[in-house]
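A structural walkthrough
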Amino acid sequence: METVVAKADLENGKVFQAAAEILKQGGLVAFPTETVYGLGGDALKADAAGKIYNAKGRPSDNPLIVHIAETDSVYQLAADVPEQAKKLMEAFWPGPLTIIFKKKKIVPDTTTGGLDTVAVRMPSHPAALKLIKDSGVYIAAPSANLSGRPSPTTAAHVMQDMQGRIDMILDGGAVGIGIESTIVDVTGDRPTILRPGFISAQMIKDILGDVTIDPAIACMDKNLRPKAPGMKYTHYAPKGQLTIVEGSREKVAGEIERLVAEKKKAGYKTAVLADTDNVGLYSCENVFDAGSKKNEITVSAGLYAILRSCDDIGADYIYSESFEECDMGYAIMNRLIKAAGHRVIHVD
Ligand code: AMP
Ligand code: MG
């Protein structure tokens with residue numbers, strides 16, 4: 001299949017018409033959102049979900065997020081819309097928050113990976129909203145990467161993974177946030193965060209007065225089974241072996257330099273992810289400026305692109321500094337620790 005790439009120019013009605021037509025016919029269109037690029041198909045067509053799983057090489061027990069453009073659409077998809085959900089929708093939609101609801105029958109089991117719940121989000125990216133509105137389709141979309149690869153934050157990343165596997169890619173440039181949406185489950189007794197993201201636990205607490213974090217991600221224990229099925233897979237991984245080194249900045253830089261020298265001597269290629277303020281501490285090769293802890297969105301926005309660059313240069317071993325575990329830092333570390341397969345060294 002030929003994959004058409006087109007600029008997601010909001011003034012260009014023809015492009016959106018073509019994309020909408022593909023979705024209506026049951027085909028697949030990758031599109032930009034404010035978090036990462038999504039791989040979209042009609043959420044209410046059972047075989048569209050099947051095509052998404054095929055294109056991604058993703059296990060079919062890993063449910064998809066349904067993207068909507070109007071709050072009212074929730075009532076078509078969800079069997080129950082609790083008060084807490086209404087408050088979250090009011091506060092954070094459109095935006096990077098996915099909410100889990102009990103599903104209605106019209107949502108096929110293939111879309112929800114066999115669960116009786118459905119994940120719903122209203123993205124804020126104008127191209128995503130236009131695509132949903134123009135097609136009249138609720139768009140089921142996971143991230144538009146091959147399963148196990150870092151999520152795509154540019155159309156070029158989508159092309160790397162999906163060329164020949166999907167019908168169309170809408171190119172909206174680099175995304176703003178760079179890591180996937182926060183997922184919150186309001187179907188149980190206590191609202192629970194199943195995946196951390198830009199919308200932090202504190203932001204949710206400010207609205208609901210209470211929120212807990214799924215223990216499987218709170219302590220990042222690989223032996224616990226997360227409630228969001230997707231969180232159990234080795235996601236976000238670069239091909240090289242990633243290790244996170246934690247501690248005071250000089251000691252971390254010293255240890256990373258030592259590890260790099262050791263690997264280099266053994267004939268391996270290495271890469272380093274360092275905070276903007278620390279890049280100058282390194283003299284080894286392939287040191288990537290991973291953004292600044294002082295402004296965490298600069299880290300999240302570039303993280304997956306850097307992990308892909310590590311693959312592009314053929315890095316065998318990758319060493320990353322740690323990026324504080326608070327607010328957005330918490331979400332960033334959740335992705336990094338998974339990408340590192342829980343390999344973390346403490347040097348203090
Ligand atoms: P992706 O958009 O590729 O990050 O994948 C969607 C994520 O949402 C995966 O981690 C899924 O496990 C999660 N998800 C989707 N639907 C549900 C649901 N009904 N309950 C819990 N998690 C879900
Ligand atoms: Mg994904």
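Residues numbered from 1 in each chain as written. Chains lettered and ligands numbered in written order. Predicted model: local features only at pLDDT ≥ 70, side-chain atom pairs only at ≥ 80, totals over all residues. Heavy atoms only, no water.

1. Focus on the sheet that holds strand β14 (residues 287-289)
Judged by pairing direction, the sheet is parallel, and its five strands sit side by side in the order β14-β13-β15-β12-β16 without closing on themselves. Each edge of the open sheet carries a strand with a single partner, namely β14 and β16 (344-346). Neighbouring strand axes in the sheet, compared pairwise and without regard to direction, differ in orientation by 25° on average. As defined by bridge partners, strand β12 (residues 241-246) adjoins strand β15 (residues 317-321) across five bridges and the pair is classed as parallel. (Pairing = 2+ DSSP bridges. Helix = DSSP H or I, 4+ residues; strand = E, 2+ residues; numbered from the N terminus. Axes fitted to C-alpha atoms, helices over the stretch in contact; angles between N-to-C directions.)

2. Observations concerning the sheet that holds strand β4 (residues 65-67)
Reading across from one edge, β1-β8-β2-β3-β7-β4-β6-β5-β9-β10-β11 is the order of the 11 strands in this open sheet, with mixed pairing throughout. Single-partner strands in this sheet number two, and they are β1 (4-7) and β11 (212-213). Bridge count between strand β3 (residues 38-42) and strand β7 (residues 139-141): two bridges; the pairing is antiparallel. When the bridges of β7 are listed, Gly-41 appears paired with Ala-140. Contacts between helix α6 (residues 155-162) and the sheet are confined to β1, β2 (29-31), β3 and β8 (168-171), with β8 contributing the most and set at about 165° to the helix. (Contact = heavy atoms within 4.5 Å.)

3. Describing the packing of aromatic side chains
Per the counting criterion, the structure on display carries one aromatic pair. Between Tyr-268 and Tyr-317 the ring centres are 5.1 Å apart and the planes differ by 75°, which places this aromatic pair in the edge-to-face class. Taken together, the positions of Tyr-268 in the loop between α9 (249-265) and β13 (270-274) and Tyr-317 in strand β15 put the pair 49 residues apart, joining distant regions of the chain. The ring of Phe-323 carries the charged tip of Lys-293 above its face, separated from the ring centre by 5.0 Å. (Phe/Tyr/Trp six-rings, centres within 6.5 Å; stacked < 30°, edge-to-face > 60°. Lys NZ or Arg CZ within 6 Å of the ring centre and 35° of its normal.)

4. Regarding the nonpolar core
Judged by nonpolar contacts, the single largest core of 65 residues is most densely connected at Trp-93, Ile-99, Phe-101, Leu-170 and Ile-204. The residues touching Trp-93, leaving out its near neighbours within four places in the chain, are Ile-68, Val-74, Leu-88, Ile-99, Phe-101, Val-120, Arg-121 and Met-122. One finds Leu-242, Ile-244, Leu-303 and Ile-337 within the second-largest nonpolar core, a separate group that totals 27 residues. (Core = buried A, V, L, I, M, F, W, Y, C linked by side-chain atoms within 4.5 Å. Buried < 20%, exposed > 50% of the residue type's maximum accessible area, 1.4 Å probe, protein only.)

5. Examining a nonpolar patch on the surface
Side chains of Phe-198, Met-203 and Ile-297 sit close together on the surface and give an oily, nonpolar patch of about 200 Å² of accessible area. By secondary structure assignment, the location of Met-203 is in helix α7 (residues 201-208). (Patch = residues over 30% accessible without salt bridge, like charges linked within 9 Å, V, L, I, M, F, W, Y side chains within 5 Å. Areas by Shrake-Rupley, 256 points an atom, 1.4 Å probe, with all protein chains shown as cover. Salt bridge = Lys/Arg side-chain N within 4 Å of Asp/Glu carboxyl O.)

6. Things to note about the side chain of Ser-73
One can find Ser-73 in the loop between β4 and α3 (74-77). Using a relative accessible area of 10% as the deciding quantity, one classes Ser-73 as buried. In this view, Ser-73 contacts Ile-68 and Tyr-138; residues no more than four positions away in its chain are not counted.

7. A look at the side chain of Asn-145
Along the polypeptide, Asn-145 turns up in the loop between β7 and α6. Relative accessible area serves as the criterion here: at 1%, Asn-145 is assigned to the buried category. Reaching out from Asn-145, the side chain makes a polar contact with the side chain of Ser-143 at a distance of 2.5 Å. Other than its neighbours up to four places away in sequence, Asn-145 contacts Lys-56, Pro-150, Ser-151, Pro-152, Asp-161, Met-162 and Arg-308. (Polar contact = N/O pair within 3.5 Å; in protein donor to acceptor, adjacent residues only side chain to side chain.)

8. Here's the deal with the pattern of salt bridges
For side chains of opposite charge, pairing can occur when their charged atoms come near one another. For the coordinates displayed, the defined rule picks out 18 salt bridges. Salt-bridge contacts for Lys-24 lead to Glu-21; the nearest nitrogen and oxygen are separated by 4.0 Å. Note that Lys-24 and Glu-21 are positioned in helix α1 (residues 13-24) at a spacing of three residues, about one turn of the helix. For Lys-24, a relative accessible area of 40% gives the class partly exposed. The class for Glu-21 is partly exposed, based on a relative accessible area of 38%. Through salt bridges that share partners, Arg-149, Asp-161, Arg-308 and Asp-311 make up one connected network.

9. Notes on the packing of α6 against helix α10 (residues 296-312)
Axis angle and axis distance: for two packed helices, these are the angle between their axes and the distance between the axes, and together they describe the pair. Two elements in contact, α6 and α10, have axes separated by 11 Å at closest approach and are oriented at 50°. Compared by their axis directions, α6 and α10 come out oblique. Judged by the sense of rotation from one axis to the other, the crossing of α6 with α10 is left-handed. Of α10, the residues touching α6 (which contributes His-157, Gln-160 and Asp-161) are Ala-305, Arg-308 and Asp-312. (Parallel < 35°, antiparallel > 145°, perpendicular 65-115°, else oblique. Left-handed = near helix turned anticlockwise from the far one by under 90°.)

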